[in-house]
Amino acid sequence: MAQKRDYYEVLGVDKNATEDQIKKAYRTIAIKYHPDRNPGNKEAEEKFKEAAEAYDVLHDPQKRQQYDTFGFNAPGSGGFDPFGGTSMNMDDIFSMFGDIFGGHAGFGGFGGSSKRGPQVHRGADLRLKVRLTLQEIAHGVTKKFKVRKDITCSHCHGSGAEAGSTNDVCPTCHGSGVITHTTQSIFGMMQTQGVCPTCDGEGTVIKNKCHHCHGTGVEKGEEVVEIKIPAGVAEGMIVNVPGKGNAGMRKGVNGDIQVLVEEEPNDTFIRDDNNLIYNLLLDFPTAALGGDVEIPTIEGTKLRVKMDAGTQPGKTLRLRGKGLPAVQGYGRGNGDLVVNVSVYIPKTLSREERMAIEQFRQSDNFKGDADTKRSIFQKFKNYFS
């Protein structure tokens, strides 16, 4: 297990730092390494947790005194023990440090306290449609889109400030990102909080705004986005592509792209969930005498299947695993290819064909036995009942 770093070193303050200095140092580190700004970055997440643990100890006079005296061997006092090596999770952090961020620091994705604090802006999501063939659905596909959206300002690189300009603590909210309104009601004095209108909830204001983006940190632009559509998707599904939406103001968090799937009709197959249905029109001689037939697959190949002599209309064949794959995370394996057999009866006959069939008309074998007639009757009865 890695050895813990000194808490003062973690926050970058000296041992004589005031409570305000400790709070300011923690706020800077927490915003820098917040998971919303570093999605999937485990190192940033660990630094975020490390800073939270250090702040929990150093901002509390009693815990700080224990730490200054005993170091990491200080006795705990119940609940979360910062000296006992307990690993903090995100809910612990955000529920314990409301004095810094007012609950969840204005970052999305964690829920919890209704208080607000310094904001990190999130760009708006984008929504696109993609129309896929059944073959693309079977194999998965990568599509390219040219998307008009908010991108990071090319002049200030997203800061919203001209080169060399610095930020001041907001004079309205004094760095908290929120303003409090106190009103008199029939229940007494009531307080409500809202985003500071001066700094848009960031806690700081730019001295000299970028002339190109007027301080927003974003501009209109285009980007070619590659979107991977997994195999097995269906009509109406939405594929979410994180971080490819509009850029957030002043180095905020990018929004997502939500891709709505539409499915093109197919001339060969009918889709039934992950199964594919193929209607086979069998010629009469093959139905009567038996023989090999070719069945197309979604892969573009053909399967040779032997039909038994005397194959009846309505017979169903099931070719296991020849259907569509289950979409990732919603099942496993492939569906089946279901073959519904129909027998083709020609509408017109030549004289010779008619004479040949007339000979069969009188044959008892071509009239069907009683068991066959009962079976056909029962199928129709079940169908219409």
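To start, this report covers the structure provided alongside it. (Residues numbered from 1 in each chain as written. Predicted model: local features only at pLDDT ≥ 70, side-chain atom pairs only at ≥ 80, totals over all residues. Heavy atoms only, no water.)

1. Focus on the overall build of the protein
Selection rule: Here a helix means four or more residues in a row that DSSP labels H or I, a strand means two or more in a row labelled E, and each is numbered from the N terminus. Partly exposed describes any residue whose relative accessible area lies between the buried limit of under 20% and the exposed limit of over 50%, with all areas from a 1.4 Å probe on protein chains only and scaled to the type maximum. In what follows, a contact means two residues having at least one pair of non-hydrogen atoms within 4.5 Å. Accessible areas in this description were obtained via Shrake-Rupley with a 1.4 Å probe; residue shielding takes into account the shown protein chains only.
A count of helical and extended segments in the protein gives 11 helices and 15 strands. The buried share of the protein, taken over its 385 residues, is 38%. Long-range pairs, those at least 24 residues apart, make up 63% of the contacts in the protein between residues at least 6 apart in sequence. When the accessible surface of the protein is totalled, it reaches about 23,600 Å², and 50% of it is carbon and sulfur.

2. Focus: the sheet that holds strand β14 (residues 316-319)
Put simply, the rule is: The pairing criterion is simple: DSSP has to find at least two bridges between the two strands. Axes here mean lines fitted to C-alpha atoms, for a helix over just the part in contact, with angles spanning 0 to 180 degrees between N-to-C directions.
If you walk across this open sheet you meet the 4 strands as β10-β11-β15-β14, and the pairing is mixed. The sheet terminates laterally at β10 (270-272) and β14, the two strands that pair on one side only. Strand-to-strand twist across the sheet, computed as the mean angle between neighbouring axes with direction ignored, equals 30 degrees. The pairing of strand β11 (residues 275-283) with strand β15 (residues 337-344) spans 8 bridges and is classified as parallel. Of the residues in β15, the one forming a bridge with Asn279 is Asn340.

3. A look at the packing of aromatic side chains
As a reminder of what qualifies: Pairing of aromatic rings covers Phe, Tyr and the six-membered ring of Trp, with a centre-to-centre limit of 6.5 Å; geometry is then stacked below 30 degrees between planes, edge-to-face above 60, and tilted otherwise.
Overall, the coordinates contain 4 aromatic pairs when judged by the stated rule. With centroids separated by 4.8 Å and ring planes inclined at 40 degrees, the aromatic side chains of Tyr7 and Tyr67 adopt a geometry described as tilted. In this pair, Tyr7 is assigned in helix α1 (residues 7-11) and Tyr67 in helix α4 (residues 61-70), connecting sequence segments 60 residues apart. Neither residue differs from the other here; Tyr7 and Tyr67 are each classed as buried. What links up through ring pairs into an aromatic cluster is the set Tyr7, Tyr8 and Tyr67.

Nothing here speaks to function; it is all geometry.
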